[in-house]
Structures are given as C-alpha cells and as structure tokens.
Amino acid sequence: MFLDKCSLFFFLLLMGLVACGKDTPPPQDQLYCEIDGVAFQSKRMTVQYSQVGSITDLQIYAYNEKDELLYIKVYAIGNATTTHFVNPQTQHNLAYAPAGNLNQVNATYQTRTNCIGETGTYIEISNIQDFFATGAFNGKTCLPNGQFKTIRNGRFEQVRLP
C-alpha cells in the first residue's frame, strides 16, 4: 500500500512539472553565432526597427560578456522574411568589433567586397510577429587590410522590436 501511494505521488509530481513546462514562453533577446569557431552569445542588445509600407529596416547591436559587439543590419524592400544576400554597396551589413566600438573603422570587421568571396554572406529575417523578430545569418567580415573573420551558425531569437 505504501509503495502504491509513493508511486502515485511521484507520478502526480512528474505530471505537474511537465504541465508547468508547457506554459514557458520562448527565450527572448538571444543571439548566438560562432566567430572563427569561438562562441559569441548575447542576451544584451539594442534594437532599432521601422517598417513603412513594404520597407523594413532592422538593426541589432548585440554585446557579449566581453563587451564585444556584433552588428546586424537588414534593409529590406518587399517581403522581409526572404533571405537577403549581403552586398557592401547596399544597406545590408554584418560587422564585428572586438573592442565593442563600431566607430573604430580600422578595428571593425565588416562586410566588404574583398571578404565576401564565392560563398556569400546572408542575413535572414525568418519571422516578424507580435513585435518580435527571429532570423539567421552567416558570412565573412574583414578589416580594410583583408584580414577576415568567418561567422557561422548565427541566429537571433525573439528579439524584441521597439
């Protein structure tokens, strides 16, 4: 009899824990990527967003625990959920600043003609809904001298739009 009551208690406890997990909202304001194979994670970011008609402008400034900065900008005309290939002559941009300061142009890795190469660089907004944006990005950024950094497996999840 004791074993049955004990088993019933643990079963009800387990079911209660499972039911609680179903109401957990998805994580917000998270960004992850690998820069030259080293993880870059951010839960601290500044976001600028505007949408006028069919024009979408999204800018994300994401800081990691070392105060390094990853900057993502997509200026989209038309369907904002399509993939945008980054071309330095357009208004799309992917930049990495080890010092956390994008104003130091000579120390900031950015998308430029000499670092895109054949593989290309892209930023994708996969969803904008209820004042949240989700997407992915990959590519290369480089200094003016051609030294580059490869950014892989980039994703931003549930970024709050102002």
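Refer to the structure presented above.
Residues numbered from 1 in each chain as written. Predicted model: local features only at pLDDT ≥ 70, side-chain atom pairs only at ≥ 80, totals over all residues. Heavy atoms only, no water.

## Looking at the packing of aromatic side chains
The relation between two aromatic rings is expressed through the spacing of the ring centres and the mutual angle of the planes.
Consideration 1: Counted according to the given criterion, the structure contains four aromatic pairs.
Consideration 2: With a centroid separation of 6.1 Å and 40° between ring planes, the pair formed by Tyr 96 and Tyr 109 is classed as tilted. Residue Tyr 96 is found in strand 7 (residues 93–97), and its partner Tyr 109 is found in strand 8 (residues 109–110); the two are separated by 13 residues along the sequence. Comparing Tyr 96 with Tyr 109, the two get one shared label, buried.
Consideration 3: Ring plane angle 20° and centroid distance 6.4 Å describe the contact between Phe 137 and Phe 156, whose orientation is recorded as stacked. (Phe/Tyr/Trp six-rings, centres within 6.5 Å; stacked < 30°, edge-to-face > 60°. Helix = DSSP H or I, 4+ residues; strand = E, 2+ residues; numbered from the N terminus. Buried < 20%, exposed > 50% of the residue type's maximum accessible area, 1.4 Å probe, protein only.)

## What to know about the nonpolar core
Consideration 1: If you look at the biggest cluster of nonpolar residues, it comprises 25 residues, and the most contacted ones within it are Leu 31, Ile 60, Leu 70, Phe 137 and Phe 156.
Consideration 2: Mapped by element, the contributors of at least two residues to this core are strand 1 (30–35), strand 3 (44–52), strand 4 (55–63), strand 5 (69–77), strand 7, strand 9 (122–129), strand 10 (132–142) and strand 11 (148–160).
Consideration 3: For this core, the element with the most residues is strand 5, which contributes four residues.
Consideration 4: Setting aside residues no more than four positions away along its own chain, Leu 31 makes contact with Phe 40, Gln 41, Ser 42, Met 45, Ile 60, Ala 62, Leu 70, Ile 72, Phe 137, Arg 155 and Phe 156.
Consideration 5: Listed in part, the six residues of the second largest apolar core include Tyr 71, Ala 95, Ala 97 and Leu 102. (Core = buried A, V, L, I, M, F, W, Y, C linked by side-chain atoms within 4.5 Å. Contact = heavy atoms within 4.5 Å.)

## Some words on the side chain of Gln 110
Consideration 1: Along the chain, the position of Gln 110 falls in strand 8.
Consideration 2: Apart from residues lying up to four places away in sequence, Gln 110 is in contact with Asn 93, Leu 94, Ala 95, Cys 115, Thr 141 and Cys 142.

What is shown is where atoms sit, not what they do.
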